[in-house]
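Structural characterization, general
Here is how the chains run, residue by residue.
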Amino acid sequence: MLAVGADGYRALVPYGEIAPGSGNRGAILAVEQDGAPPARPRLVVTGEVTGGRDINDVVELAVVRVEPTG
């Protein structure tokens, strides 16, 4: 899954990380915070130490196929 923020920031979350039979990490698309809807959803990848793939103001989600390089 490719997520894109309003600022153009992109994060790729591979299926193998979130699939129950594989990595089983969660990816949460938050549409509510403290009981109120945010202006735009927020993506949080659970277990992410640095938060480098968390995206505020998600404007696009896409299922993509990424081919290996090399």
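Here we summarise the structure given alongside this text.

1. Observations concerning the overall build of the chain
- Looking only at helices and strands, the chain has one helix and five strands in total.
- Counting from the amino terminus, the chain carries its helices and strands in the arrangement β-β-α-β-β-β.
- Principal axes of the C-alpha set define a box for the chain whose edges measure 45 × 25 × 20 Å.
- The proportion of buried residues among the 70 residues of the chain is 17%.
- For the chain, restricting intrachain contacts to residue pairs at least 6 apart in sequence, the fraction spanning at least 24 positions comes to 42%.
- Roughly 4900 Å² of accessible area belongs to the chain as shown, and the carbon and sulfur atoms make up 53% of that amount.

2. Structural notes on unusual backbone geometry
- Positioned with a positive phi, aspartate 34 is a non-glycine residue whose angle comes to about 55°.
- Its location among the elements puts aspartate 34 in the loop between strand S3 (27–30) and strand S4 (42–45).
- Backbone geometry at aspartate 57 places phi at a positive 55°, although glycine is not the residue there.

3. Quick word on a nonpolar patch on the surface
- A grouping of Leu12, Val64 and Val66 is seen on the molecular surface, where their side chains present a nonpolar patch of about 240 Å² in accessible area.
- By the element assignment, valine 66 lies in the segment after strand S5 (58–62).

4. Some points on the side chain of arginine 53
- Note that arginine 53 resides in the loop between S4 and S5.
- Reaching out from arginine 53, the side chain makes a polar contact with the backbone oxygen of leucine 12 at a distance of 3.1 Å.

5. As for the sheet that holds strand S2 (residues 10–12)
- An order of S2-S1-S5 is seen for the three strands of this open sheet, with the pairing classed as antiparallel. In this open sheet, the two edge strands, each paired with only one partner strand, are S2 and S5. In this sheet, adjacent strand axes meet at a mean angle of 15° when their direction is disregarded.
- As paired strands, strand S1 (residues 2–5) and S5 are joined by four bridges and run antiparallel to one another. Residue pairing in the sheet places leucine 2 in a bridge with alanine 62 of S5.

What counts, and at which threshold
Residues numbered from 1 in each chain as written. Predicted model: local features only at pLDDT ≥ 70, side-chain atom pairs only at ≥ 80, totals over all residues. Heavy atoms only, no water. Helix = DSSP H or I, 4+ residues; strand = E, 2+ residues; numbered from the N terminus. Buried < 20%, exposed > 50% of the residue type's maximum accessible area, 1.4 Å probe, protein only. Contact = heavy atoms within 4.5 Å. Areas by Shrake-Rupley, 256 points an atom, 1.4 Å probe, with all protein chains shown as cover. Patch = residues over 30% accessible without salt bridge, like charges linked within 9 Å, V, L, I, M, F, W, Y side chains within 5 Å. Salt bridge = Lys/Arg side-chain N within 4 Å of Asp/Glu carboxyl O. Polar contact = N/O pair within 3.5 Å; in protein donor to acceptor, adjacent residues only side chain to side chain. Pairing = 2+ DSSP bridges. Axes fitted to C-alpha atoms, helices over the stretch in contact; angles between N-to-C directions.

These results come straight from atomic positions and should not be treated as a statement about function.
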